[in-house]
Amino acid sequence: MKALVYGGPGEKSWTDVPDPKIRNPSDVIVKVDTTTICGTDLHILKGDVPAVQKGRILGHEGVGTITEVGSSVTSLKVGDRVIISCIKSCGHCANCKTGLYSHCMGEEGAAGIGWVFGHLIDGTQAEYVRVPYAENSLHLLPEGVSDDQAVMLSDILPTGFEIGVQYGRVKPGDTVAVVGAGPVGLAAIATAGLYGAATIIAIDLDANRLEKSREFGATDVVLSGDADWKEQVLALTDGQGVDVAIEAVGIPATFTMCTDIVRPGGNVANVGVHGKSVELHVENLWIQNINISMGLVNANTTPMLLKLVAQKKVPAENFATHHFTFDQFMDAYDTFARAAETKALKVVITA
């Protein structure tokens with residue numbers, strides 16, 4: 001089969017690799033019909049995730065059709081259309097039993113690490129993928145949900161909702177600022193209203209993404225390149241600061257922006273993947289009674305979000321801005337990497 005293979009920092013290729021095979025009774029093989037590229041894949045290619053070894057097939061998002069099932073799999077069958085979750089779940093360990101799938105203790109990939117696809121085992125940017133713990137790591141795709149919608153439920157929608165909105169403790173009436181209007185930031189914007197946020201402020205350097213953010217539910221936008229960007233945000237909060245500041249970029253400057261605009265007693269939710277250390281000014285922040293959260297998505301809200309997408313309550317299809325076929329994988333990466341020029345949000349790649 002063909003797959004997108006990591007060759008070390010800055011190196012990737014769409015090339016021939018062996019077909020995946022069932023290894024454990026709980027595995028299934030999925031023919032990948034639709035996949036996409038995540039900002040985390042770009043971090044890997046920059047060398048920010050050293051655990052990813054040369055030769056690894058990248059990708060952790062996908063929609064496909066089951067072609068083979070392991071001997072212990074009873075609730076899934078050949079021909080089922082499924083969403084591949086970015087997080088494994090053995091379903092039996094102490095962490096999985098509490099919904100902390102991001103730290104699944106199952107030995108696949110590594111015990112204690114839920115994100116394995118395109119990281120510790122081969123991923124979804126391929127014609128076929130082996131899915132471990134399949135009955136707990138796949139979601140049956142209902143009629144009426146398109147591939148464009150479904151692939152957004154592999155990662156970005158649960159990530160924005162869980163690590164941004166839920167960890168940020170958004171509550172009815174809150175003012176929420178999302179720093180970074182890329183796909184995950186937009187996912188946080190699109191789901192903040194589920195918990196009753198009254199004002200949702202999108203902050204970004206890219207005017208196009210700010211305009212796009214209104215389609216996902218942003219009530220206000222602030223161009224972070226403006227000299228008075230902070231004053232603009234504070235003006236929307238009567239000078240008090242936002243209740244929740246969500247960091248969705250993954251660089252030191254944007255994390256600091258969040259701590260600069262959160263009100264006393266508020267919450268900073270870090271969603272971005274950071275490749276460098278961040279300076280935390282505890283000498284100033286301790287007296288503000290703020291909470292700082294961060295984490296890897298558990299994807300335990302995926303079934304609920306799937307229902308909302310099916311009922312047109314969350315505009316998942318709006319993320320898909322560019323479409324490619326598998327033989328255009330390298331073009332898809334180029335388009336996604338130059339998002340400021342191409343105006344790409346999520347590139348959808350189909351077999």
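This text follows the structure it describes.
Rules used in this analysis
- Residues numbered from 1 in each chain as written.
- Predicted model: local features only at pLDDT ≥ 70, side-chain atom pairs only at ≥ 80, totals over all residues.
- Heavy atoms only, no water.
- Helix = DSSP H or I, 4+ residues; strand = E, 2+ residues; numbered from the N terminus.
- Rg over C-alpha atoms; globule rule 2.2 N^0.38 Å.
- Buried < 20%, exposed > 50% of the residue type's maximum accessible area, 1.4 Å probe, protein only.
- Contact = heavy atoms within 4.5 Å.
- Areas by Shrake-Rupley, 256 points an atom, 1.4 Å probe, with all protein chains shown as cover.
- Lys, Arg positive; Asp, Glu negative; His and termini not counted.
- Charge placed at Lys NZ, Arg CZ, Asp CG, Glu CD.
- Salt bridge = Lys/Arg side-chain N within 4 Å of Asp/Glu carboxyl O.
- Pairing = 2+ DSSP bridges.
- Axes fitted to C-alpha atoms, helices over the stretch in contact; angles between N-to-C directions.

## Notes on the overall build of the chain
Point 1. Along the backbone of the chain there are 13 helices and 15 strands.
Point 2. Whereas a compact globule of 351 residues would reach a radius of gyration of roughly 20 Å, the chain reaches 20 Å, a difference of no more than 12%.
Point 3. With the C-alpha coordinates of the chain rotated into their principal frame, the extents come out at 60 × 40 × 40 Å.
Point 4. Across the 351 residues that make up the chain, the buried fraction comes to 54%.
Point 5. The contacts in the chain between residues at least 6 apart in sequence include a share of 69% that link residues at least 24 apart.
Point 6. Per element, the accessible surface of the chain, about 14400 Å² overall, is 51% carbon and sulfur.
Point 7. Counting 27 positive and 40 negative side-chain charges, the chain places the averaged centre of each group 4 Å from the other.

## As for the pattern of salt bridges
Point 1. Enumeration according to the criterion identifies 14 salt bridges in this entry.
Point 2. Put simply, Asp 33 and Arg 81 hold a salt bridge, and the shortest N to O gap is 2.8 Å. Here Asp 33 is found in strand β3 (residues 28–36), whereas its partner Arg 81 is found in strand β5 (residues 81–84), with 48 residues between them in sequence.
Point 3. Note on Asp 33: relative accessible area 16%, which makes it buried.
Point 4. Here Lys 77 and Asp 80 are joined by a salt bridge, their closest N and O atoms 2.9 Å apart.
Point 5. Given the relative accessible area of 52%, Lys 77 is considered exposed.
Point 6. On the basis of relative accessibility, which here comes to 9%, the residue Asp 80 falls in the buried class.
Point 7. Within the structure, one salt-bridge network assembled from shared partners comprises Lys 31, Asp 33, Arg 81 and Asp 147.

## Focus on unusual backbone geometry
Point 1. One non-glycine residue with positive phi stands out, namely Tyr 133, at about 45 degrees.
Point 2. Mapped onto the elements, Tyr 133 comes out in the loop between β6 (128–131) and α3 (134–137).
Point 3. Backbone geometry at Asn 289 places phi at a positive 55 degrees, although glycine is not the residue there.
Point 4. Within the secondary structure layout, Asn 289 lies in the loop between α10 (282–285) and β13 (291–294).

## A few points about the sheet that holds strand β9 (residues 199–204)
Point 1. If you walk across this open sheet you meet the six strands as β10-β9-β8-β11-β12-β13, and the pairing is parallel. Edge positions in the sheet fall to β10 (220–223) and β13, since each of these pairs with one other strand and no more. Pairwise comparison of adjacent strand axes, ignoring direction, gives a mean angle of 20 degrees for this sheet.
Point 2. Summarising the sheet, β9 and β10 pair through four bridges and their orientation is parallel. Bridged to Ile 201 within β10 is Asp 220.
Point 3. Of the strands in this sheet, β11 (242–247), β12 (262–270) and β13 touch helix α5 (residues 156–166), which is tilted by about 155 degrees from β12.

Shape is all these values report; function is a separate question.
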